[in-house]
Amino acid sequence: MALLEIKFWERGDFTVGTKSAEGRCTWGGDSRAEEPEFAVTDRRGTNFGACERHVLSYIRDRLKHGPGGN
């Protein structure tokens with residue numbers, strides 16, 4: 001079982017000047033032009049914007065590696 005931290009994207013959840021705050025999908029280490037629909041939290045506690053397509057990558061990562069990255 002894995003802990004998934006997903007919510008709808010809101011600009012105020014990100015540091016001003018970051019690509020996620022600019023309204024870009026940044027999950028997976030790549031800043032994409034797609035607008036994020038979700039905010040996801042990685043194993044280190046960092047928030048990322050994630051588009052619909054990449055939120056599935058986030059879910060796979062958390063299920064595969066668990067909350068601590070094991």
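Conventions used here
Residues numbered from 1 in each chain as written. Predicted model: local features only at pLDDT ≥ 70, side-chain atom pairs only at ≥ 80, totals over all residues. Heavy atoms only, no water. Helix = DSSP H or I, 4+ residues; strand = E, 2+ residues; numbered from the N terminus. Buried < 20%, exposed > 50% of the residue type's maximum accessible area, 1.4 Å probe, protein only. Contact = heavy atoms within 4.5 Å. Areas by Shrake-Rupley, 256 points an atom, 1.4 Å probe, with all protein chains shown as cover. Core = buried A, V, L, I, M, F, W, Y, C linked by side-chain atoms within 4.5 Å. Pairing = 2+ DSSP bridges. Axes fitted to C-alpha atoms, helices over the stretch in contact; angles between N-to-C directions.

What the protein contains, in helices and strands, is one helix and three strands. Secondary structure elements of the protein, listed N to C terminal, follow the sequence β-β-β-α. Within the protein, the fraction of its 70 residues that count as buried is 34%. The contacts of the protein with a sequence gap of at least 6 include a subset with a gap of at least 24, amounting to 43%. Accessible area for the protein stands at about 4,600 Å²; split by element, carbon and sulfur atoms hold 50% of it.

Grouped together as the largest cluster of nonpolar side chains are six residues: Trp27, Phe38, Val40, Ala50, Val55 and Tyr58. Of all the elements in the fold, those that place two or more residues in this core are strand S2 (38-41) and helix H1 (52-65). For Val55, the contacting residues outside a window of four places in its chain are Ile6, Phe38, Val40 and Ala50.

Spatially, S1-S2-S3 is the arrangement adopted by the three strands of the open sheet, whose pairing is antiparallel. Edge positions in the sheet fall to strand S1 (6-8) and strand S3 (47-50), since each has one partner strand and no second. Strand-to-strand twist across the sheet, computed as the mean angle between neighbouring axes with direction ignored, equals 30°. Bridging between S1 and S2 involves three bridges; their strand directions are antiparallel. Each residue of the ladder has a partner; that of Phe8, found in S2, is Phe38. Sheet strands touched by H1: S1, S2 and S3. Its angle to S2, the strand with the most contacts, is close to 20°.

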